[in-house]
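The lines below spell out each chain.
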Amino acid sequence: MSSPNKNSLLILGCLMLAACGAAPEKKNALSEQAIMRSERGAAAFVQGDYARALNEYQLALRADQALEHAAGIAVSRINLARVWREMSSPAQAHAQLDALFSPPVLPYPAASLAAAAALQARLYLESDAVEAAAYWLGQGETFCQKTCPAAGSLLLLRAQLAMQGKHFQEASKLIGEAVGLLNADQQAVELANALRLSGEVAYAQGDDVHASSSFEQALALDQKSGLPAKIRLDLLRLAEAAGHAGRKADAQNFAARAQSVSMAIDGARQAELPPAPAR
Amino acid sequence: MKIFADHDSRLAVLERKVGSFVFAGIGALLLLFVVIAVEQGMFASTTHLRFHTEDASSLHEGMEIRLSGFKVGKVVKIVLMDDGVIEADLSVNNEYLAHIRHGARLRLVEQGLLGDNILEVVSGARGQPALAAGEVLPFERQLGMAALAHDLVERLKPVLDNVTAATAAINQPDGLLQHATSVAVQAEKASVAAIELMRQTRDAIATNNLKLNQVLDKTDALLAKGDGVLDNVQNITLEAGKIAAAASEDLLPLMRDGRVAADDVRNIIRSSKEVWPIRNLLDAGGENILPMDSYGTSHVQPK
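Bear in mind that the values here come from a model prediction, so they are computed numbers and not experimental data. (Residues numbered from 1 in each chain as written. Chains lettered and ligands numbered in written order. Predicted model: local features only at pLDDT ≥ 70, side-chain atom pairs only at ≥ 80, totals over all residues. Heavy atoms only, no water.)

1. Some points on the overall build of chain B
Threshold: Labels follow the DSSP assignment, with helices taken as runs of H or I lasting at least four residues and strands as runs of E lasting at least two, numbered in each case from the N terminus. Here the term buried applies to any residue with accessible area under 20% of the maximum for its type, exposed to any over 50%, and partly exposed to those in between, with areas from a 1.4 Å probe on protein chains only. Contacts were defined at the residue level, with two residues in contact if any of their heavy atoms lie within 4.5 Å. Surface accessibility follows the Shrake-Rupley procedure with a 1.4 Å probe radius. Residue values consider only the protein chains on display as shielding.
Helix and strand counts for chain B stand at 7 helices and 8 strands. Burial statistics for chain B: of 303 residues in total, 20% are counted as buried. Relative to all contacts within chain B whose residues are 6 or more apart in sequence, the contacts with residues 24 or more apart total 62%. Surface exposure of chain B reaches about 21100 Å², of which carbon and sulfur atoms provide 61%.

Below is the structure:
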């Protein structure tokens, strides 16, 4: 057979293979808009541009609401709550999350409800409302049943509750369970959180060596994830652990590093600020 | 036997019948051969023409020659001559020779994806003299799928090379982009200084109306500074103009080529994404919850 005919057969074979698969499901224009807005919101959130993230997620929510797309509504509201929290507006964050647990009731995915409950618990924990935090943790665990992506986060929040009550053994056990559930690739931030919490438990129990080791592991993960605020936190914890162990030079070095990171963060924030208005 | 024939007239009749049958059979066979030969055009009046080529691939003896979809002849013989040129001998039916005149060309054409190759006669202009036996017709090949793909790749190569070279040139430390960036930074600094000057001037005028003399003194000083700033801005503008003039000659064709290449690549990627099995390997996309963070620094105030 001549070469062009061989090529023709090859092309025909490829076309037949291509025809074998079923045509992908086409999304409507409004769904595509919601997805696009959500992706833009995530990009803005990662860059720390919370005002733009808020706007994009609100547009995504509006598109999802127009289609009554329950899963999309849940995702948009949870993400909006995250942005409001970063903008120091916990009341707005709670309002977004409360909407998921109030009428009109839509068939929201259980995993999304578990994530929303975890975020509620975290917000309450940050405002020292321990009972409310415990209530929402229970709600999250009911929705999740240890099978959802938020399962590790729920355990870490439960561990933080236990630490507040000085139940260090229980906290250590919960952290161990959480590490087993977390995905190292997709949940590196939570894994670093777990290591930092583990270090804090060890520090509280006087085990400075274990504490330093855990903080160093958390620091390595946070450096890999590129999160300056967390890096600063890890360095401060390392400084505390080194100081407690009597390694004053190390403690001073870690503290200086933390201060350097802190100044870099503040410098970056200053650079982002608009120029001062004319007097 | 002769004795029997002499004595029995029935044998003679039988002999004649057998002879007639054999002759009729032979006649029928001959008639059949003649019919087949006529069908095959063996008795058709033909004229022999020739064409030359450097490459005999896809050519073979017996190959059909068509004119406007009609079979008008065939390739009789293909010979490699001493000088390395390949000569093909064609037999064209005289019935159709009136349509093949001087100026006509022969073209090798692929019939569809899986079809055989044929030789197609492309008629020349009307009113040309008729062809004589043994004349040589010009020969050409129509680009097949493989040749088209090869041609496309060959055309794209220089475009992609240009894009790569342009990108490298732009990204060099002393390249166009870096130079433009530094000019932009200087321009920004100059504009900030100018704005600050304007602000100071406005404040001075607004708040010091009664101290006109002082204001005038200050304004003189500010104007002196402003002159310096404006000189800087002028220099920067001149430099930017030179860079733009130098860049525009090379950059515009490059950008045009780059845009065409980028559009093609975007179309190819978009099409590929929808083709099985690639689409199964890609993330379908959708709205995702931001990664959970159960611990961290927070500015949150109590609710």
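2. Quick word on the nonpolar core
All names here are of chain A. Threshold: Grouping buried Ala, Val, Leu, Ile, Met, Phe, Trp, Tyr and Cys residues that are joined through side-chain atoms within 4.5 Å yields what is termed a nonpolar core.
Counting 42 residues, the largest nonpolar core has I78, L97, L100 and Y108 as the members making the most contacts within it. Elements supplying a minimum of two residues to this core: α2 (29-46), α3 (50-67), α4 (70-86), α5 (90-100), α6 (110-126), α7 (130-144) and α8 (151-164). The dominant element in this core, judged by the number of residues it contributes, is α6, at 11 residues. In this view, L100 contacts A74, R77, I78, Y108, L113 and A116; residues no more than four positions away in its chain are not counted.

3. A word on the state of the cysteines
All names here are of chain A. Worth spelling out the cut-off: In plain terms, two cysteine sulfur atoms within 2.5 Å form what is called a disulfide here.
Here the structure, examined in full by the defined rule, presents 1 disulfide over all chains. Between the sulfur of C144 and that of C148 lies a disulfide, 2.1 Å long from S to S. Here C144 and C148 share a disulfide; its torsion about the S-S bond, -105°, makes the bridge left-handed. The pair C144 / C148 is uniform in exposure class, with both members buried.

4. Things to note about the pairing of strand β3 (residues 70-80) of chain B
All names here are of chain B. Test applied: Pairing between strands is defined by DSSP: at least two bridges between the two strands are required.
Here strand β2 (residues 64-67) runs beside β3; their pairing, made up of 4 bridges, is antiparallel. Looking at the pairing, R66 lines up with K71 of β3. Between β2 and β3, which pair antiparallel in sequence order, lie 2 residues; one of them, S68, sits at a positive phi of approximately 50°. When β3 meets strand β4 (residues 86-93), the two strands line up antiparallel, connected through 7 bridges. Of the residues in β4, the one forming a bridge with K77 is D89.

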